[in-house]
Structures are given as C-alpha cells and as structure tokens.
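Here are the chains, one letter per residue:
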Amino acid sequence: MKACLPILLCLTMIQLAPAQSGKSTLHGSAPAWANGKNFQGTADPTAQLGFRVYLGWNNPANAVALAQAVSDPKSSSYRQFLTPQQFRQQFAPSQSQVGAVQAWLQSQGFSLVYTPSNNHYVSAKGSVGQAQQAFGAQMSIYKVNGKSLRSPAADVSIPSTLAGIVTGVVGLDQSAALVHTNHVVDTNAPPPGGFRNAPPQSDYWAQLLSPYSFPKGYTDLMLPSVPWVTRGYTPAQIKGAYGISGYDGKGQTVAIIDAYAAPTIVQDVNQWSTNRGLPTMSAGQFVQVIAPGTYNVPENPKQDPQGWYGEETLDVEAIHGMAPAAKIVYVGAPNNYQDLDAAMNHVVDKGLAQIVSNSYGFNTELLPAGFVKPMEDTLIQAVIEGIGVYFSSGDNGDESSAFGFATTEYPTSSPWVTAVGGTSLGIGKNNNRVIETGWGTSNYTCNSNNSVCTFDSWFYGAGGGVSRVFAEPSYQTNAGLSFTGRGVPDVAAVADIQTGLLIGETQTFPNGTYYDEYRIGGTSLACPTFAGLMALADQAAGQPHGFANPAFYANASAFYDVRSTKTAVTRRNYVNSVDATAGTADFLRTFDDYTGSSSQHTNAGWDNVTGLGTPTDSFLKALGK
C-alpha cells in the first residue's frame, strides 16, 4: 500500500500508544465530527448502549497475500478458496485472545452478548457511564448533519495487555447513523406510503414524445422533441439490452444485507414475478436471517424501517429478475444505525452465499479508523472464502455538493469490493440497447402552457472518484490505469430513476393498503442487478468467481464502454404522489449531466461514473473461463 494521503488515516493498522499507566490509546477511534464546533452536551450516563470490540486476524500479512492470490487469474492459487472453518484455523483470533477481551469487559460490568465463530468481535452492552469509565473517554452529544449523535470526546483507551489484539470498537460512537440507502424515487414520499408514477409513460425508449424541446447542449438523437420516461423496465428488457440469456441462476446463492425486514416481501415478490412472467419463489428459495449479536437498543429517535422496506423490495426483485432460480438470503440488521457490520460478518463467517449485494453506504470516507479496519478484515475473509461483495457507488455524484470537496463513499471505496456505478439506459422496442450513458441528472421545471422548461438544479447521479484513503490496487494498475488512490466504480448497470426498474410493493394509499407498482432507480438498482447477473456468470462458469475485480479488469472487452451522450427525458409527477386530484407537474431530466458534480465525466475507457462499463453479450462467456 502506498503512503496515506496527509489529511486522512492510514488503515493498515490502528495505531496504539501508551495512555495512563497500564492503558493504550486506540488512535483514530473517535470520529472527526466529535469536536468542539459540533458539541451539544454530555451524554446521559444512564443511557444503554451496545458495542462490539473487534479483534484483528492473526498473520494479517499472510491473509492479505492469500486474498490477492485466490482472486488473481494469473495466480496458481486462483479460485482455491478456503472454507470458513479453514479460514478460522489459519487466521481467526484464538480462544485465549477472545477470553482476555471477554474477561476485561465483564470486569468493567458489561454484559456479554455474542462472539461469532471467527472470533472477530465480542459484543457487549451496558450503560454510557460504564463505557466512559472502561474506555477512559467522556461521552458527549454532537450535532452532525442534522442529527444528535453520541461519541467519545477523544480516542478511547484499552488495557495494554489487549493492545496487540484489539483493532477497534464499534458502537461507542454513532457514526453508523450516517449510513444511507442508495435508491431514488420520484418524489419526497417513499413507500410504503403510497406512490405512483404519473402518465404519460412509454413502454420502451422514445415510444411517446413530449411537447418540450431539448435544453441547450443536449442532443435530440434525431427526435423532434424530448421523449417521455418509460413506465419502468422489466427484467426481460434489461437482460435483452445487455445481451444476457441462457442461464437462470440455478444452484447459486446471493445474499442481501439491509436493515429491518419488509413484512410483505414474499407475497410482493411473487405477485411482481407473476406480473412479469417470471417463476414465483419456491419454498426455501428466499430466507430471511437476523444476524446474532445485533441490538434493538434505540440508538437515535429517528429510525427508518419503512424507508428500508423499499430498499429490500428493490434488491430482492432486481436479483430475482436477473436470476429467477437463484436462492436469496436476506440478512437484516434490526438497527440500521449500527449493525450492518455485524450482518456482513455473519454472512462471511457462516458462508451463507457466494455473492453479497449491498445498497447502502456512508457518503464519505471520513470515518473512524476503528470502524473501517474491522470491516476491511471482514472483507478480506470474504475474498479468501470466494465470496464476491458488491456495493452501490452512491447517488450523489462526487459528494462535493455535500462536503465542498470530492470524496468517494465507503465501503464502496474498499479495494476488496466491487463498486457498482450507474447509467441512464434507453431500451428499444426489441429489447435492444438504443442509448446508454453515465447517470448524472439536472432538473428543469416545465410550463405546460408554453412548453418552456427552465433549469432548476442538479439533482443526483452515480457516485465515483478516487479514494483518499486506499491506494490504487494492483488490478487497476495492471490494467494500465494510474490514479492517486483506488478508483471508483469498477463496473456499472442501469440506475437512473428515469430509466429504472418497475417494482411492486404493498403500500398505504388514501383508500387502503394494497400492492401496486412504481418505477425506482439509484445505484441501489445497479448493484443488485449486477449481483444477479454475476449469479448467472457463476452458473456459467460452474464455480464462484469470488472477488472478481481482477478478472473484470483483465477482461475489459466483456463490458460495453459507456460513452458521453447528453440527452434528456420528460416526466410528469402527481403533486400528491398518488393521483391527479391535486394536479400534476412536468419536469425535464437530463442524462450525462455533472453540473453539480464537476470532477465526474463519462468517456471512452474507464471513467468515474461507469467504471469499465456495463455487461455485453460476451460477458458470461468471457468470465466463464
């Protein structure tokens, strides 16, 4: 790994330094937002909290070397994956190491909750006051992004006897409250509150044309006016556009990690499948799991289970649509504010799937090293076991509109995951790819009386850029790329809400609660779509690809090289989100527009919106080698 950039943390190890007698400080364990500027007050010492003390792998350098070898097509160890049990035998912390952590936690009055089979962490719970005393740091409340979050006021300390064992403590601070899903709907009323797309809507690209003209700088593609949006593509249309056929995912397993669990998911997916002409899920084909060692402690007044229901619906239907015979394991964390790391460890430690789709992330890499390092260790274990982990790249471009500087999201910037970017996709009458370009969108408000559209603002787009934390990995340098850090994304799939997937979900409308369908997008669509296609690639190859980035970069010709095409579509919204009783409003939405994300661009070769590109008809053949 190259030297870390100056303003951020080097994550190869958590630095430990002497603190008070018999104590060592975990440098980087307090988040950057825990500062005087954001300070609101001290935390209630009687409040309850749950946390995980993470232990690092034994022989970590050997673990990294093995992860690189089993995923490198040129290595003699390529695809010679370990089982979870074999990994534990070679790299997991010993029982004596875990026992030392457990004994110390119990001596401080904490209750032990769970330790996974790989001994990666010890979860415990207790009071804020106990945590202050045990970890030697005042717990305070800080105002961050409109949220009141708890954190140690300074780096925490642990007994010096544990300094060579512990790599981080997750849950003392509430950084995980900043995680967000990467799906986009057309208004501010996400499901399960009722939502419908308003007509006119085409069944395929440019079937219907609006009365509005293209804005300056955006091509008409030989059309007399801007086309209306589609009602939402079907799996058959998307697979047709990408030239994918001949496989159904039989014998493959894909895991989805989200928070909570939608109560109507099975009936919704089966109704949606029937409507699309797909097989419904058979008994045992869909499994919902709640990872052990997670918490139901309210970590913040604003939990958002309903927002995650739409995410689960999108993820499951996208994967089932691409690979209708694959098994889907949904792993839900009961608390979206802190348990996603434990859910990931559970999938990897138990070997629940060969592919893991994740449509969430932090909109910055500026996270405590004590949070990032344990996740990186989990991802290294995944690679060694032949598990491919996919993360959506984000929906806010280069995040400069939020932070004032360009930054990638995490965990999508990890060199051990496949980062999935997004495109705007026009699919023709014969399920052919008519147009595909990078997803970046501005909004224009249209006057239906004079057919004039006026620029409003830049809205959203696929995340991407260059990591400020992780060095450029060898699979990118070997492909002839040269970045100052890890380049994001690696690949892409359809994401634009204007060209998104038609999904079905039980929603609450003014006249009752029932199933209905609507169009949705975001890199939360791109990621499970690509994960579902990888299940087909695994089926075609007769074995899991595992961490496939080295294979992707070595087979760049298997991808459609997404180029710049600046065009637009028109959409109509219901003002009340469900019907025309309160009126409608027309808008124009652009493609390949980075007005609010100036470091991004779509171009020939790799780019920071679509990576290597999207699948083609040679995708399965090239990766089946």
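In this text, all values refer to a predicted model and were calculated from it rather than measured experimentally.

A. Looking closely at the overall build of the chain. Looking only at helices and strands, the chain features 14 helices and 30 strands. In terms of overall size, the chain behaves like a compact globule, its C-alpha atoms giving a radius of gyration of 24 Å where 625 residues would be expected to give roughly 25 Å. Seen through its principal axes, the chain has C-alpha atoms that stretch 75 × 55 × 50 Å. Out of the 625 residues in the chain, the part that is buried amounts to 62%. Residue pairs in contact within the chain that sit at least 24 positions apart in sequence constitute 78% of those at least 6 positions apart. Seen as two clouds, the 33 positive and the 43 negative side-chain charges of the chain have centres 2 Å apart.

B. Expanded view of the packing of helix 1 (residues 60-71) against helix 9 (residues 369-384). With their axes 8 Å apart at the nearest point, helix 1 and helix 9 run at an angle of 40° to one another. With respect to each other, helix 1 and helix 9 are oriented oblique. Our pair here, helix 1 against helix 9, has a crossing hand that is left-handed. When helix 1 is examined against helix 9, the residues Ala63, Val64, Leu66, Ala67, Val70 and Ser71 are found in contact with a partner set consisting of Ile380, Val383 and Ile384.

C. Structural view of the pattern of salt bridges. Taken as a whole and judged by the stated rule, the model has 10 salt bridges. For the salt bridge of lysine 373 with aspartate 377, the shortest nitrogen-to-oxygen distance reads 3.0 Å. Residue lysine 373 and its partner aspartate 377 are located together in helix 9, separated by four residues, close to a single helical turn. Both residues of the pair, lysine 373 and aspartate 377, belong to the buried class. The shortest N-O distance in the salt bridge between aspartate 561 and arginine 563 comes to 3.2 Å. Aspartate 561 sits in the partly exposed class, given a relative accessible area of 24%.

D. Inspection of the state of the cysteines at higher detail. The final tally for this structure, using the stated rule, is one disulfide. Sulfur-sulfur distance for the disulfide between cysteine 446 and cysteine 453 comes to 2.1 Å. One disulfide, between cysteine 446 and cysteine 453, carries an S-S torsion of 105° and so falls in the right-handed class. A relative accessible area of 11% means that cysteine 446 is categorised as buried.

E. Layout of the packing of helix 8 (residues 340-350) against helix 9. It is at 9 Å that the axes of helix 8 and helix 9 come closest, and there the two elements cross at 20°. Accordingly, the angle class assigned to the pair helix 8 and helix 9 is roughly parallel. Once helix 8 is placed against helix 9, the crossing between them reads as left-handed. Contacts from Asp341, Met344, Asn345, Val348 and Asp349 of helix 8 reach helix 9 at Met375, Thr378, Leu379, Gln381 and Ala382.

F. Representation of helix 6 (residues 265-276). For helix 6, with 12 residues, the first-to-last C-alpha span of 16 Å sits near the 16 Å given by 1.5 Å per residue. Buried within helix 6 are the following residues: Ile265, Asp268, Val269, Asn270, Trp272, Ser273 and Arg276. Residue glycine 277 follows helix 6 closely and has a positive phi angle near 75°.

G. Broad picture of the sheet that holds strand 6 (residues 121-127). In spatial order, the strands read 5-6-4-10; together these four strands make up an open sheet with antiparallel pairing. Strands at the two margins of the open sheet, each flanked by one partner only, are strand 5 (111-114) and strand 10 (166-170). Neighbour-to-neighbour, the strand axes of this sheet turn through a mean angle of 30°, independent of strand direction. Inspection of the sheet shows strand 5 paired to strand 6 by three bridges, in the antiparallel sense. Among the inter-strand pairings, serine 111 is bridged to a residue of strand 6, identified as lysine 125. Lying on the sheet, helix 8 is in contact with strand 4 (48-55), strand 6 and strand 10; it crosses strand 4 at an angle near 45°.

H. Here's a closer look at the nonpolar core. With 124 residues, the main nonpolar core has Met344, Met534, Phe552 and Phe619 as its most contacted residues. Per-element accounting of this core gives the leading share, 10 residues, to helix 12 (residues 523-541). Not counting residues up to four positions away in its chain, the partners in contact with methionine 534 are Ile355, Tyr390, His545, Ala548, Phe552, Phe619 and Leu623. Residues Trp104, Ala131, Met139 and Leu172 belong to the second largest nonpolar core, which totals 26 residues.

I. Region of the structure containing the pairing of strand 15 (residues 355-358). Judged by which residues are buried, strand 15 turns out to be covered on both faces: Ile355 and Ser357 on one side and Val356 and Asn358 on the other are all buried. Two strands pair when backbone bridges link them, and strand 12 (residues 253-259) and strand 15 are joined in this way by four bridges, in the parallel orientation. Each residue of the ladder has a partner; that of valine 254, found in strand 15, is isoleucine 355.

J. Expanded view of the environment of alanine 32. Summarising the element assignment, alanine 32 is placed in the loop between strand 2 (23-26) and strand 3 (39-42). On the basis of relative accessible area, alanine 32 is assigned to the exposed category, the value being 63%.

K. Here's a closer look at the sheet that holds strand 28 (residues 568-574). Spatial ordering of the open sheet is given by 21-20-29-28, a layout of four strands whose pairing is antiparallel. Single-partner strands in this sheet number two, and they are strand 21 (452-461) and strand 28. Direction aside, neighbouring strands of the sheet carry axes that sit 30° apart on average. Sheet analysis places strand 20 (residues 440-447) next to strand 29 (residues 584-590), joined by four bridges and oriented antiparallel. Counterpart to asparagine 443 in the pairing with strand 29 is arginine 589.

Rules used in this analysis
Residues numbered from 1 in each chain as written. Predicted model: local features only at pLDDT ≥ 70, side-chain atom pairs only at ≥ 80, totals over all residues. Heavy atoms only, no water. Helix = DSSP H or I, 4+ residues; strand = E, 2+ residues; numbered from the N terminus. Rg over C-alpha atoms; globule rule 2.2 N^0.38 Å. Buried < 20%, exposed > 50% of the residue type's maximum accessible area, 1.4 Å probe, protein only. Contact = heavy atoms within 4.5 Å. Lys, Arg positive; Asp, Glu negative; His and termini not counted. Charge placed at Lys NZ, Arg CZ, Asp CG, Glu CD. Axes fitted to C-alpha atoms, helices over the stretch in contact; angles between N-to-C directions. Parallel < 35°, antiparallel > 145°, perpendicular 65-115°, else oblique. Left-handed = near helix turned anticlockwise from the far one by under 90°. Salt bridge = Lys/Arg side-chain N within 4 Å of Asp/Glu carboxyl O. Disulfide = S-S within 2.5 Å. Expected span 1.5 Å × (residues − 1). Pairing = 2+ DSSP bridges. Core = buried A, V, L, I, M, F, W, Y, C linked by side-chain atoms within 4.5 Å.

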